[in-house]
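Next come the chains, spelled out residue by residue.
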Amino acid sequence: MKFFLKIVDFYLDASIHVGLSCFALVRMTQSMFHIIDDNWIGYFAFFGTVVGYNFVKYETLARVKKNQSGQKLKSIIILSFLSLLAVGFCFFQLHRITQIVSVAFFILTLLYTLPFFPNRKNARNWAGVKIYIVSLCWVGVTVVLPILNAGISLTLDFYIKCVQRFILIFVLILIFEIIDLAKDDPHLKTVPQQIGVGRTKILGYNLLLFFCVLELFNSNFNYNIEYLLLVIAIAVIVALFLAFVKEKRSKYYTSFWVESVPILWWMMLILFQ
């Protein structure tokens, strides 16, 4: 049992799970816009997420304690390096416009992690900004890049999906912020810190309702009832996670179950098809 938990912990701590979640959302976008035979953007999203998240989580630790790194951290560093090579290879399989836009999101990730200006904190520590930067990056990687790489015109449907994806990620992050409420620096001004847990949940429910309503404005709505049902189903699941979240929940509540929502959404889509 302990060995199994170690494997699960490594799977989570090495950002493999969140990478799969990102991959699943790319597949969702490709299905919604009928994109076929474009696997490289999915692989790029997966490996890029592994590299990006591990860089955000372990960059300082690896740099400051490079001579005291444990075996687990060393393994994660090796995995991240191999993922970096993989994402580099995938990058050169993408179209030029996709490469340019992906570099822009990479710079945004660096801004989120590293202090670019003397005596200033990185964007992750800017008051009230973190949730918007992370949500924007997820929209970029899971909606914008797949659409650009497929050469699809930016219609109203594209913008609707961008807003929906932003809402979904935003609400999922709210769950993380509620659990981390006791640990977060008060100066971060996270949503629960500013309006309280109760109002944060109400905000999340309203956003999920809007998330569902937006699906009605899809130009192909009459031909894609299954997508509306999937949107409602995933909104209900996220709402339940939000309803039962509290500060003392296990780390697996968010790190595994909440981050499994995109994977579950994709699996439901496969079953519907």
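These remarks concern the structure in this document. Note that the coordinates shown come from a computational prediction; the quantities given were computed from them, not determined experimentally.

## As for the overall build of the chain
Each helix and strand in the chain was counted, giving 12 helices and zero strands. When the helices and strands of the chain are listed from N to C terminus, the series reads α-α-α-α-α-α-α-α-α-α-α-α. Looking at the chain as a whole, 48% of its 273 residues are labelled buried. Partitioning the contacts of the chain with sequence separation of at least 6, the portion at a separation of at least 24 is 74%. Total accessible area on the chain stands at roughly 14,700 Å², and carbon and sulfur atoms take up 68% of it.

## Brief notes about the environment of Leu108
Relative to the elements of secondary structure, Leu108 occurs in helix H5 (residues 96-113). Taking the C-alpha atoms as reference points, Leu108 and Cys137, 29 residues apart in sequence, are found 7.7 Å from one another.

## Regarding the nonpolar core
Formed by 63 residues in total, the largest nonpolar core has its most connected members in Phe44, Leu172, Ile175, Phe211, Val238 and Trp265. If you tally residues by element for this core, the top one is helix H7 (residues 156-179), at 14 residues. Look past the residues within four positions of Leu172 in its chain and what remains in contact with it is Val238, Val258 and Val261.

## Describing the environment of Gly88
Take Gly88: it is sitting in helix H4 (residues 71-91). Separated by 40 residues in the primary sequence, Gly88 and Gly48 have C-alpha atoms spaced 8.8 Å apart.

## Notes on the pattern of salt bridges
One side chain can pair with another of opposite charge once the charged atoms of both are near each other. The full count for this structure, using the stated rule, is three salt bridges. In this structure, Asp9 engages Lys251 in a salt bridge whose closest nitrogen and oxygen atoms are separated by 3.5 Å. Taken together, the residues Asp9 in helix H1 (residues 2-13) and Lys251 in helix H11 (residues 251-257) connect sequence positions 242 residues apart. Here Lys72 and Asp13 are joined by a salt bridge, their closest N and O atoms 2.3 Å apart. Here Asp13 lies in helix H1 and Lys72 lies in helix H4, a separation of 59 residues in the sequence.

## Focus on the environment of Leu94
Topologically, Leu94 is positioned in the loop between H4 and H5. For the pair Leu94 and Phe44, spaced 50 residues apart in sequence, the C-alpha separation works out to 8.8 Å. Residues within four places of Leu94 in sequence aside, it is in contact with Trp40, Ile41, Phe44, Gln99 and Asn149.

## Regarding the packing of H7 against helix H10 (residues 225-244)
At their nearest, the axes of H7 and H10 sit 10 Å apart, and the two run at 15 degrees to each other. Taken together, H7 and H10 sit at an angle that is classed as roughly parallel. In the crossing of H7 with H10, the sense of the turn from one axis to the other is left-handed. Contact residues: H7 offers Gln164, Leu168, Val171, Leu172, Ile175 and Ile178, while H10 offers Val231, Val238, Phe241 and Leu242. Tallied by class, residues from the contact of H7 with H10 come to nine nonpolar, one polar and no charged.

The rules behind these values
- Residues numbered from 1 in each chain as written.
- Predicted model: local features only at pLDDT ≥ 70, side-chain atom pairs only at ≥ 80, totals over all residues.
- Heavy atoms only, no water.
- Helix = DSSP H or I, 4+ residues; strand = E, 2+ residues; numbered from the N terminus.
- Buried < 20%, exposed > 50% of the residue type's maximum accessible area, 1.4 Å probe, protein only.
- Contact = heavy atoms within 4.5 Å.
- Areas by Shrake-Rupley, 256 points an atom, 1.4 Å probe, with all protein chains shown as cover.
- Core = buried A, V, L, I, M, F, W, Y, C linked by side-chain atoms within 4.5 Å.
- Salt bridge = Lys/Arg side-chain N within 4 Å of Asp/Glu carboxyl O.
- Axes fitted to C-alpha atoms, helices over the stretch in contact; angles between N-to-C directions.
- Parallel < 35°, antiparallel > 145°, perpendicular 65-115°, else oblique.
- Left-handed = near helix turned anticlockwise from the far one by under 90°.
- Nonpolar A, V, L, I, M, F, W, Y, C, P; charged D, E, K, R; others polar.

Honestly, it's all geometry; don't read function into it.
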